[in-house]
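Architecture and fold: a report
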Protein chains: 2
Amino acid sequence: MQLATSRDIDDYLIAPDPTAARLQRVVSGRDQAGVPVEVQVVEERPLTIFLNAREIVTAMTIGDYPEYLALGFLRNQGMLSRTDRVTGVDFDEELETVVVRTAQETDHEEKLAKKTRTSGCAVGTVFGDMMEGLEGLVLPEASLRTSELYTLAQKINRTPSLYLEAGAIHGTVLCQGDRPLVYMEDVGRHNAVDKVAGWMLDTGTEAADKVLYTTGRLTSEMVIKTAHMGIPILASRSGFTAWGVEIAEQVGLTLIGRLRGHRFTCLSGDHRLIRDADPADVPQEDKKHRRKSADKD
Amino acid sequence: MQLATSRDIDDYLIAPDPTAARLQRVVSGRDQAGVPVEVQVVEERPLTIFLNAREIVTAMTIGDYPEYLALGFLRNQGMLSRTDRVTGVDFDEELETVVVRTAQETDHEEKLAKKTRTSGCAVGTVFGDMMEGLEGLVLPEASLRTSELYTLAQKINRTPSLYLEAGAIHGTVLCQGDRPLVYMEDVGRHNAVDKVAGWMLDTGTEAADKVLYTTGRLTSEMVIKTAHMGIPILASRSGFTAWGVEIAEQVGLTLIGRLRGHRFTCLSGDHRLIRDADPADVPQEDKKHRRKSADKD
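Residues numbered from 1 in each chain as written. Chains lettered and ligands numbered in written order. Predicted model: local features only at pLDDT ≥ 70, side-chain atom pairs only at ≥ 80, totals over all residues. Heavy atoms only, no water.

**Re the sheet that holds strand β1 (residues 24-31) of chain A**
Pairing in this open sheet of 8 strands is mixed, and the strands run β2(A)-β1(A)-β13(B)-β12(B)-β11(B)-β10(B)-β8(B)-β9(B) from one edge to the other. Each edge of the open sheet is held by one strand with a lone partner, namely β2 (36-42) of chain A together with β9 (179-186) of chain B. Averaged over all pairs of adjacent strands, the angle between strand axes in this sheet comes to 30°, irrespective of strand direction. Bridge count for β1 of chain A against β2 of chain A is 7 bridges, and the pairing is antiparallel. Each residue of the ladder has a partner; that of Gln-24 of chain A, found in β2 of chain A, is Val-42 of chain A. (Pairing = 2+ DSSP bridges. Helix = DSSP H or I, 4+ residues; strand = E, 2+ residues; numbered from the N terminus. Axes fitted to C-alpha atoms, helices over the stretch in contact; angles between N-to-C directions.)

Below, the structure written as structure tokens:
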């Protein structure tokens, strides 16, 4: 497979580190012929996220950037609003907990308390809250050249990552024009995008001129998270769900899926796309990437 | 692609129905060249699961077999024990709810109430409870011939499914010997396996002589669910996580991953495998399946 050029890697503010010892482990087993084999598998750890005194959720994560994961999760669930002032984010590796502290008790904690009194658990409210934040949301106007989209996909596919090494992992990349900026990976369903959201919150990064790329499916939850982040364009190499498309249209998100080699499908917000590239000029994806991508779930 | 023979389909007690109108929708969009296209995408709906009077979770599901999903979810989370007597499972399509009723209040509801008073939300306990049920669990002895394993994979790959048609979906198949019995699909992370568990609970099906096949990654949660179901062998075309392997060894589960064509890797419980097939005799997977499998997440 063609490797990333230093130029590709230099693009990143945060690139994956497939060599980090904490993120992978070698496990012994046997292959189809009974021959002993050593397989590199990704780590997976529980991380319990607290909002002030309240336990919110236990996420299964690969374990890097726990503070970004906690911040991004709470923000993307609508549990942290733009007005909430975060006074601290404390990660305890031994207890496997992250506590996010705010200046005042958040409105979500009230909701949680109310909900708790009525039904005894707030899990069911989480989704409702996510939709709640979206009423009247208008995503900023923006445009993306297909030449930039193709360049992004090629750079990301060439970037050394756990996804390419071990598979069985998700990748989400925050991009600007044809430049990938922050590439997060995780074994958990939506942790990768939450870590990107946490980084944006922590660094106060502008969302209006960004593009979000994900290896994962374009489900309602992925679309809602992207909208919460204020990013107007979401691209994926994977497929769509009907509700994901519906919500994208509702909030005016540009939704690009099945991005492989020169092919892609846009099912919402096509007006933001400028088709300046000739698909015929785009090289096919190499086999290795296609194979690895089958390893995800 | 070689289609399923009627013999393959006849094997199933429940086979996927990719033609069911409720499960897919045609959405219009544009391709890379700006040409209008119509794409078939899978549905995705919220389903809120109640245990007696308690709201437990809102799952995102494709929408088929909601009763099995609710039963299986509660069982696999350890919220329904073997001793709990289920007196009713009521699905309300309009409200998008399923209520599972038991003769007595379950021990989980007590736990939930206690937990609720302390932390205000029970989400964080869910995972703890799942592990809880596993102490001292011993999975039954059993054996699987690799000839049966290869036959299963070929039958399943040839079975018409949403996975082959639209991608962006998970499949889980309950199998016995070389015969696939119940093939559930869902867009949600673990719904497919929960629907199988619900079917087993509802039909009182024996687990000791079964094999579970999944298109999804072998994460800790997938391994824990399989153990809760009492199934001794779990096989997947996808990869592993370190914790998934650890828990499989702890409970004595046979864990087979990266099952593609003649290749597979066994990282736990290899003693249950009888290698009676010559891998060289196993045909390569066809391209179509490999491509579609990349659509999952």
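**Structural notes on helix α7 (residues 191-203) of chain B**
Residue and element names in this part refer to chain B. Counted at 1.5 Å a residue, the expected span for α7 with its 13 residues is 18 Å, and the 18 Å between its end C-alpha atoms agrees. Residues of α7 that are buried sit in contact with β4 (54-61), α2 (66-76), β8 (170-176), β9, β10 (211-214) and α8 (220-229). One or two positions beyond α7, positive phi appears at Gly-204, with a value near 60°. (Expected span 1.5 Å × (residues − 1). Contact = heavy atoms within 4.5 Å.)

**Quick notes on the domain arrangement of chain A**
All names here are of chain A. When cut into domains, chain A gives domain 1 (6-19 + 138-296) and domain 2 (45-127). Counting the surface lost from both domain 1 and domain 2, the interface buries some 1,700 Å², and carbon and sulfur atoms represent 63% of this. Three residues stand out in domain 1 for area buried against domain 2, namely Lys-195, Leu-201 and His-228, and they jointly supply 30% of the buried area on that side. Across the domain 1-domain 2 interface, the total number found is 1 salt bridge. Lys-195 serves as the salt-bridge partner of Asp-64, at 2.4 Å between the closest nitrogen and oxygen. Seen at the junction of domain 1 and domain 2, the total is 5 residue pairs in polar contact (both at pLDDT 80 or more). When residues of the side of domain 1 that touches domain 2 are traced back to their parent elements, those giving at least two are β9 (179-186), α7 (191-203) and α8 (220-229). In terms of residues, the side of domain 1 that touches domain 2 owes the most to one element, α7, which gives 9 residues. (Domains from an automatic or database assignment. Buried area = accessible area lost by both parts, 1.4 Å probe. Salt bridge = Lys/Arg side-chain N within 4 Å of Asp/Glu carboxyl O. Polar contact = N/O pair within 3.5 Å; in protein donor to acceptor, adjacent residues only side chain to side chain.)

**Considerations on the state of the cysteines**
All names here are of chain A. As enumerated under the stated definition, the model contains 0 disulfides over all chains in all. Left without a disulfide partner, Cys-175 is nearest to the cysteine sulfur of Cys-266, which lies 16 Å away. The exposure class of Cys-175 is buried, given its relative accessible area of 0%. Here Cys-266 falls in the buried class, since its relative accessible area comes to 2%. (Disulfide = S-S within 2.5 Å. Buried < 20%, exposed > 50% of the residue type's maximum accessible area, 1.4 Å probe, protein only.)

**Description of the packing of aromatic side chains**
Residue and element names in this part refer to chain A. Per the stated rule, a full pass over the model turns up 6 aromatic pairs over all chains. When the centroid spacing of 5.7 Å and the interplanar angle of 20° are considered together, the rings of Tyr-65 and Tyr-68 count as stacked. With a relative accessible area of 17%, Tyr-68 lands in the buried category. (Phe/Tyr/Trp six-rings, centres within 6.5 Å; stacked < 30°, edge-to-face > 60°.)

**Looking at the pattern of salt bridges**
Throughout the structure, instances matching the rule amount to 20 salt bridges over all chains. Measuring nitrogen to oxygen at the nearest pair gives 2.9 Å for the salt bridge that ties Lys-195 of chain B to Asp-186 of chain B. Among the ionic contacts, a cluster of salt bridges with common partners joins Arg-25 and Glu-43 of chain A together with Glu-246 of chain B.

**Quick look at the packing of α2 of chain B against α7 of chain B**
The packing of two helices is summarised by the inter-axis angle and the distance between the axes. Residue and element names in this part refer to chain B. Here α2 crosses α7 at 95°, and the two axes come no closer than 6 Å. The angle between the axes of α2 and α7 places the two elements in the roughly perpendicular class. Within the contact between the two elements, α2 uses Tyr-68, Leu-69, Leu-71, Gly-72, Phe-73, Arg-75 and Asn-76 and α7 uses Asn-191, Val-193, Asp-194, Lys-195, Ala-197, Gly-198, Trp-199, Leu-201 and Asp-202. Partitioning the contact of α2 with α7 into residue classes produces 8 nonpolar, 4 polar and 4 charged. (Parallel < 35°, antiparallel > 145°, perpendicular 65-115°, else oblique. Nonpolar A, V, L, I, M, F, W, Y, C, P; charged D, E, K, R; others polar.)

**Description of the sheet that holds strand β3 (residues 45-51) of chain A**
Residues and elements named next belong to chain A. Pairing is mixed across the open sheet formed by 4 strands, whose spatial order is β4-β3-β6-β5. Across the chains shown, the open sheet's two edge strands, defined by having one partner strand only, are β4 (54-61) and β5 (86-92). Taken over all neighbouring pairs, the strand axes of this sheet differ in orientation by 20° on average, direction set aside. Relative to β4, β3 is paired through 7 bridges, and the arrangement is antiparallel. Note on β4: the bridge partner recorded for Arg-45 is Thr-61. Packing of helix α2 (residues 66-76) onto the sheet brings it into contact with β3, β4, β5 and β6 (97-102), and relative to β3 it is tilted by some 55°.

**A short note on α8 of chain A**
Across the 10 residues that make up α8 of chain A, a large majority, 9, are buried. Backbone geometry just downstream of α8 of chain A places Gly-230 of chain A in the positive-phi region, at approximately 80°.

**Some remarks on the pairing of β5 of chain A**
The two faces of a sheet get side chains in turn, since along a regular strand they alternate between them. Residue and element names in this part refer to chain A. Bridging between β5 and β6 involves 6 bridges; their strand directions are antiparallel. Paired with Asp-90 across the bridge in β6 is Val-99. Connecting the antiparallel pair β5 and β6 is a turn made up of 4 residues, with Glu-96 showing a positive phi of about 55°.

**What about the pairing of β4 of chain B?**
Of all 8 residues in β4 of chain B, 8 are buried; the element is thus mostly enclosed. Turn length for the strand β3 (residues 45-51) of chain B-β4 of chain B hairpin, with the two strands adjacent in sequence and antiparallel, is 2 residues, and the turn residue Asn-52 of chain B shows positive phi of about 50°.

**Quick word on the side chain of Thr-102 of chain B**
Residue and element names in this part refer to chain B. With respect to the element layout, Thr-102 can be found in strand β6 (residues 97-102). When its relative accessible area of 8% is taken as the criterion, Thr-102 is described as buried. Only 2.8 Å separates the side chain of Thr-102 from the side chain of Asn-52, close enough to count as a polar contact. Within polar-contact distance, the side chain of Thr-102 engages the backbone oxygen of Gln-104 at 2.6 Å. Once you skip the residues sitting within four places of it in the chain, Thr-102 turns out to touch Leu-51, Asn-52, Leu-80, Asp-84, Arg-85, Val-86 and Thr-87.

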